[in-house]
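# Examining the three-dimensional arrangement
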Amino acid sequence: MEYIERVLEKIKHWAGKLIEAILGPEMQPEPELIPIPVDDRLRRSR
């Protein structure tokens, strides 16, 4: 039984590599932008 599981894991691995080669790598989600606080008081006083 363990042998069959190892074979299935290898098949999944190779199938993933084949799909990646045909369709390109998986799309990575865009990272969320982190807002950076800006002190506008200095700009307005000038």
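In case you missed it, the structure is sitting above this.
Fair warning: this is a prediction, and the values are worked out from it, not measured in the lab.

Regarding its fold elements, the chain presents two helices and zero strands. A burial count over the chain gives 0% of its 46 residues as buried.

A surface patch of nonpolar side chains, about 660 Å² in accessible area, is lined by Met 1, Tyr 3, Ile 4, Val 7, Leu 8 and Ile 11. You can see Ile 4 is positioned in helix 1 (residues 2-23).

Here we come to helix 1. Taking 1.5 Å of rise per residue, 22 residues should cover 32 Å, and helix 1 covers 31 Å from first to last C-alpha, within 8% of that figure. Count one or two residues on from helix 1 and you reach Gly 24, which has phi positive near 95 degrees.

In this section: the pattern of salt bridges. A side chain of one charge can pair with a side chain of the opposite charge if their charged atoms are brought near each other. Summed over the entire model, instances satisfying the criterion amount to one salt bridge. Between Lys 12 and Glu 9 there is a salt bridge; the shortest N-O distance is 3.8 Å. In this pair, Lys 12 and Glu 9 both sit in helix 1, three residues apart, roughly one turn of the helix. With relative accessibility at 49%, the residue Glu 9 sits in the partly exposed group.

Rules used throughout
- Residues numbered from 1 in each chain as written.
- Predicted model: local features only at pLDDT ≥ 70, side-chain atom pairs only at ≥ 80, totals over all residues.
- Heavy atoms only, no water.
- Helix = DSSP H or I, 4+ residues; strand = E, 2+ residues; numbered from the N terminus.
- Buried < 20%, exposed > 50% of the residue type's maximum accessible area, 1.4 Å probe, protein only.
- Patch = residues over 30% accessible without salt bridge, like charges linked within 9 Å, V, L, I, M, F, W, Y side chains within 5 Å.
- Areas by Shrake-Rupley, 256 points an atom, 1.4 Å probe, with all protein chains shown as cover.
- Salt bridge = Lys/Arg side-chain N within 4 Å of Asp/Glu carboxyl O.
- Expected span 1.5 Å × (residues − 1).

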